[in-house]
Amino acid sequence: MLRDRFFKFGLKLAGGLIALLIFSIFVSLVIASIPSIKEFGLSFVFGKEWNPVEEHFSALPFIIGTLLTSVLALAISLPFSLAIAFFSGEFSKKGLISSLIAYATDLLAGIPSVIYGFWGLFFLVPLIRKLELSFNIPPYGVGIFTASLVLSIMIIPYASSMARDVIALVPSDLKEAGFALGSTRLEVIKKVIFPYSVSGIFAGLLLAFGRAIGETMAVTMVIGNANRIPHSLFEPANTLASVIANEFTEATSDIHLSSLIYLGLILFIITFFINYIGNMIIERMSVNGRS
Amino acid sequence: MGEVKLRILKDRIFTFIIYLLTFLSVIPLFAILFSLVKKGLGVINLNFFITLPKPPPDAGGILNALVGTFLLVLIASIVSIPIGIVAGLFLVETRNRFANMLRVLINVLQGLPSIVIGIIAYLWVVKPMGGFSALSGGIALGIMMLPMVVKSTEETIKLIPYTLREASYALGADYFTTIFKVVLPAGISGILNGILLGIARIAGETAPLLFTAFGNPYLNFNPAKPVDSLPLLIFNYAMSPYERWQNAAWGASFVLIAFVLLINIGVKLGGRRWRVKL
Amino acid sequence: MKKILFILLVILIAGFNTAGFSKGIELTGAGATFPYPLYSKMFNEYHKLTGTKVNYQAIGSGGGIRQLRAKTVDFGASDAFVNDEGLKKFASPIVHIPMTAGAVVVAYNLPGNPQLKLTPEVLADIFLGKIKKWNDKRIAELNKNVQLPSLPIMVAHRSDGSGTTFIFTDYLSKVSKEWKEKVGKGKSVNWPVGLGGKGNQGVAGLVKNMPGSIGYVELAYAIQNNMPYATLKNKAGNFVKPSLESVSKAANIDLPDDMRVSLTNTGASYGYPISGFTWILVYQNLEDGKLSEEKAKELVNLLKWMLTEGQKYCEPLHYAPLSETAKKKALAILKKVKYRGKALLK
């Protein structure tokens, strides 16, 4: 039938279009960064200066800012995410408390990032400022540490939900075998559940890391927007995403705009690979594919 | 015997830590919701919804942002829903390497930073059109919503028993009719849930709108012109030094979060049948 | 599903139509954020008078110049004039029409809101990060009757490109050799210290919320927010408090005919040293900017109104109105604006 053939073609077309979309995003970013790539080449990545007056641009301050905030955020959220995952994946699989916790993490994921930033600005920043005053460091309040704190809350749902799913999927006969041998729950978790689910947990953390790297608004509002390599965790800095958010509409010269897009390209490449690896691990475990 | 006691003690401590950390991690949620209710609720009255912003030191209402968000979500839906559903069907119907690769790519697309999508909408729409517009913002949000539509369609349709299709084929229906008259209607509530969750997500996005939808203190229905949106208004007001603007930002945050939570709760209550995961 | 989509489509098309239904001419402009409150007031009044809608997007001076060059707007606005090199990047000639003058003030957040006096050297060293504490000897010497706390100084600056930054760094470059060599002037610069806020509002917000901070904002923003701001020593050696009057005095110098002039550190004896004009930029031959004749005529009418009757909206909003000489020169420039060789201002 003709209609069916058209329809099946339509299905393929839609699939192809999405693949094309992602490819064109990459190509467009590359094309728009060409003026900056030509001017600065790969040294863009390692240069320390972002100087609009001299029209000399490089990415290192922002790459460092991005990595610092997201690694710190991941480290802060790790114990909490794992605790939630073990709690609802092993300790309390069903029941009111468990579903309340699941609900709460879903809501955490649903809160718009601008609200996280706003709350961070008015709730966390004064707290950090007090802390800094008592340690006798300049009380900026905003800075890398504050940004990491906000980020760590934001990524808890992403890191914990994947880990919870794989932990819940550990076959109960394996666990029961452990208990039958006289192991405590801690030992079963250490020797059975953790080794079984480690790659899934890792994939979840990777995806959460990707989120933290690309997060824009919440970070922009509390990081302090300083285009320098920070010397301490309490100093203001900027990330790849936040510098783009700040400077994009007001870029004065073409090379400035192109350099901002170059930063976007770097961000695209980093997050593309992190997400690609994370999702390949999941696809292989077919956690998503279970029906 | 001492060793066993030690093992049990360790286990107890571990269990305690797990419970403690789990409950600690819920605290930020309540802290945020508490702030929003405490500071936001007082600002809200009918005028807040039906008037436009005023120049400082006054704040006025958020009508422009409500209309803008509606317009942006509408455009994003038009951009993403049809192609998303068809692509989702493709993933269900096809089993080959391309489909597997596409599945991963769609997850990658979902993980792309929203600011990058904003740059793309700027390059593809704002530059050629020669100005900021609701259309460019809507397209950026549409690209972000697309993976959610695709995934919810795939997950839902996969769960529909194959026997349903066989019954349709047996009645002489062709493939097209079977999909559109039998399979899709059977899964419509699941797909709709996915779409609603997608809308809840993009309605709160700010970064891709900074240099696409741009913001606008006036009322605008024209897709070719800049519009404001709730999150943009919250950002601009939150970063301002005017107290009334900051109060209005709390009010707007309350409205936004109420909208997002209502959708989430509605989907949870209404959508028990389809366990769509995004 | 089809029905829902259909309904959505109908709504969208209806939206298009109602929006397309507008009387009168619509002009679009983009640029500086500093005069935005004034311009929105002026455009609002002009709309009431004539029905002409002016859609002004405050995207920053850099963006305004960029959009004018790309011909996506009918006029641009900037707090920094386009230098000779920048003019060459335009395919056809543009003119600068000054609209108002403003002051960039040094605002701070200290316990008790004291009134501080600063010299150019001290100011530059604070922004260079060389003076780190509020009770530094050099600040204390200038402010003997003020109890200065031992708080660290936190510098707040703009994180986006802006004409306000240009005026401020232009001033610092004129008064400090070290600043000129290390940092220079521009709409955005590589700041040696401090943290950034987006827009005049963003910096004002930072300074307001951080005890011990210092930043530069437009006078209007400082007044509206009840922020204390410093009295500065000018070139003539007088300590001058920023005000509409002292800004007007700073502009009391020989003005060039094209009005592209910096008002920072002028020789005027009682002028506030960090002052500047803000300009509207249009193509000299408006057809070069892709304007229709109708729009071109209306744009010139608008600009003339802003230079004459519109000036009365300056003072209530804390902008300095143009002096008579400046107004005359501005109108003379406007007379040179043409459409297909025809002058539009009678």
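Model, not experiment: these values are computed from the prediction.

Engineer: Quick one: what's the story with the overall build of chain C, residue by residue and with numbers?
Structural biologist: Helix and strand counts for chain C come out as 13 helices and 13 strands. For a compact globule of 346 residues, the expected C-alpha radius of gyration is about 20 Å, and chain C comes in at 22 Å, within 12% of that figure. If you take every contact in chain C between residues at least 6 apart in sequence, the share linking residues at least 24 apart comes to 72%.

Engineer: How would you sum up the overall build of chain A? Please name residues and give values.
Structural biologist: Within chain A one finds 11 helices and zero strands. Taken over 291 residues, chain A has a buried fraction of 53%. Restricting the contact set of chain A to residue pairs at least 6 apart, pairs at least 24 apart contribute 74%.

Engineer: Describe the sheet that holds strand E7 (residues 195-197) of chain C, and please don't skip the residues or the numbers.
Structural biologist: Residues and elements named next belong to chain C. Across the sheet, eight strands lie side by side as E2-E1-E3-E11-E4-E8-E6-E7; this open sheet has mixed pairing. Of all the strands in the sheet, just strand E2 (53-57) and E7 have a single pairing partner and so form its edges. Ignoring strand direction, the axes of neighbouring strands in this sheet form an average angle of 25°. In this structure, strand E1 (residues 26-31) lies alongside E2, joined through five bridges in parallel fashion. In the strand pairing of E2, Ala30 is matched with Gln57. Packed onto the sheet, helix H9 (residues 199-209) meets strand E4 (94-108), strand E6 (154-158), E7 and strand E8 (213-218) and runs at close to 150° relative to E8.

Engineer: Explain unusual backbone geometry to me, using residue names and the numbers behind them.
Structural biologist: A positive phi angle is found at Glu55(A), which is not glycine, with a value near 55°. Checked against the element boundaries, Glu55(A) lands in the loop between helix H2 (43-46) and helix H3 (60-91). Taking the number of C-beta atoms within 10 Å as the measure of exposure, Glu55(A) has 14 and is therefore partly exposed. For Lys71(C), which is not glycine, the phi torsion reads 60° and is therefore positive. Along the polypeptide, Lys71(C) turns up in the loop between helix H3 (61-69) and strand E3 (75-78). You can call Lys71(C) partly exposed: it has 15 C-beta atoms within 10 Å.

Engineer: I'd like to hear about the interface of chain A and chain B, residue by residue, with values.
Structural biologist: Chain A puts 67 residues into the contact, and the matching count from chain B is 66 residues. No other element matches helix H1 (residues 2-40) of chain A, which puts 16 residues into the side of chain A that touches chain B. Across the side of chain A that touches chain B, the residue classes tally to 46 nonpolar, 15 polar and six charged.

Engineer: Which residues make up helix H4 (residues 97-111) of chain B, and what values do they have?
Structural biologist: Given a rise of 1.5 Å per residue, 15 residues ought to cover 21 Å, and the 21 Å separating the end C-alpha atoms of H4(B) matches this to within 8%. Packed against the buried residues of H4(B) are H1, helix H8 (185-214) and helix H11 (254-285) of chain A together with helix H3 (63-93) and helix H6 (134-158) of chain B.

Engineer: I'd like a rundown of the packing of helix H9 (residues 230-238) of chain B against helix H10 (residues 243-270) of chain B, residues and numbers included.
Structural biologist: Packed helices, taken two at a time, are described by the angle their axes make and the gap between the axes. Residues and elements named next belong to chain B. Remark: H9 packs on H10, axes separated minimally by 8 Å, with the N-to-C direction vectors making an angle of 155°. In terms of orientation, H9 and H10 fall into the roughly antiparallel class. In terms of crossing hand, the pair formed by H9 and H10 is left-handed. Two secondary-structure elements touch here, H9 through Leu230, Pro231, Leu233, Ile234, Tyr237 and Ala238 and H10 through Trp245, Gln246, Ala248, Ala249, Ala252, Ser253, Val255 and Leu256. Grouping the amino acids of the contact of H9 with H10 by side-chain chemistry returns 12 nonpolar, two polar and no charged.

Engineer: Explain the sheet that holds strand E5 (residues 117-118) of chain C to me, and be specific about the residues and the numbers.
Structural biologist: Residues and elements named next belong to chain C. Strand order in the open sheet made by the three strands is E5-E9-E10, with mixed pairing throughout. Since the sheet does not close on itself, it has two edges, and those belong to E5 and strand E10 (239-240), each with one partner. In this sheet, E10 lies alongside strand E9 (residues 231-233) in antiparallel orientation, the contact comprising two bridges. Residue Lys233 lies in a different strand from E10, and its bridge partner there is Phe239.

Engineer: Lay out the confidence of the model for chain C with the relevant residues and their values.
Structural biologist: All names here are of chain C. The predicted model of chain C has a mean per-residue pLDDT of 87, with 93% of residues at 70 or higher. Per-element mean pLDDT across chain C ranges from 52 in helix H1 (residues 2-20) up to 96 in helix H5 (residues 120-128). Low pLDDT, under 50, characterises residues 15-22; the stretch is placed with six contacts to residues that sit more than four places away or in other chains.

Engineer: Can you lay out the domain arrangement of chain C for me, pointing to particular residues and giving the numbers?
Structural biologist: Residues and elements named next belong to chain C. Examined at the domain level, chain C breaks down into domain 1 (23-101 + 276-343) and domain 2 (103-255 + 262-273). Centre-to-centre, using C-alpha coordinates, domain 1 lies 28 Å away from domain 2. The partner domain 2 presents 23 residues to the 23 residues of domain 1 that form the contact. Elements supplying a minimum of two residues to the side of domain 1 that touches domain 2: H3, strand E11 (275-283) and helix H13 (324-335). Among the residues making up the side of domain 1 that touches domain 2, the classes are represented as 10 nonpolar, 10 polar and three charged.

Engineer: An account of the nonpolar core is needed here, citing residue identities and associated values.
Structural biologist: Judged by nonpolar contacts, the single largest core of 284 residues is most densely connected at Val150(A), Val222(A), Ile234(B), Ala252(B), Val105(C), Val106(C) and Leu299(C). Here this core gets 17 residues from one element, more than from any other, and that element is H3(B). The residues contacting Val150(A), other than those within four sequence positions of it, are Tyr116(A), Gly117(A), Gly120(A), Leu124(A), Ala218(A) and Val222(A).

Engineer: A description of the packing of H3(A) against helix H1 (residues 2-40) of chain B should follow, citing residues and the corresponding values.
Structural biologist: Here H3(A) crosses H1(B) at 115°, and the two axes come no closer than 8 Å. Judged by the angle between their axes, H3(A) and H1(B) are roughly perpendicular. Considering only the axes of H3(A) and H1(B), their crossing is left-handed. Residue-level contacts link Pro79(A), Phe80(A), Ala83(A), Ile84(A), Phe86(A), Phe87(A) and Phe91(A) of H3(A) to Ile18(B), Tyr19(B), Leu21(B), Thr22(B), Leu24(B) and Ser25(B) of H1(B).

Engineer: Help me get a handle on the confidence of the model for chain A, residues and values and all.
Structural biologist: When the pLDDT values of chain A are averaged, the result is 91; 98% of them are 70 or greater. Ranking the helices and strands of chain A by mean pLDDT puts H3(A) first, with 95, and helix H4 (residues 96-110) of chain A last, with 89.

Cut-offs used in this document
Residues numbered from 1 in each chain as written. Chains lettered and ligands numbered in written order. Predicted model: local features only at pLDDT ≥ 70, side-chain atom pairs only at ≥ 80, totals over all residues. Helix = DSSP H or I, 4+ residues; strand = E, 2+ residues; numbered from the N terminus. Rg over C-alpha atoms; globule rule 2.2 N^0.38 Å. Contact = placed C-beta atoms within 7 Å. Buried ≥ 20, exposed ≤ 12 C-beta atoms within 10 Å, placed from the backbone. Pairing = 2+ DSSP bridges. Axes fitted to C-alpha atoms, helices over the stretch in contact; angles between N-to-C directions. Nonpolar A, V, L, I, M, F, W, Y, C, P; charged D, E, K, R; others polar. Expected span 1.5 Å × (residues − 1). Parallel < 35°, antiparallel > 145°, perpendicular 65-115°, else oblique. Left-handed = near helix turned anticlockwise from the far one by under 90°. pLDDT = per-residue confidence, 0-100. Domains from an automatic or database assignment. Core = buried A, V, L, I, M, F, W, Y, C linked by C-beta atoms within 7 Å.

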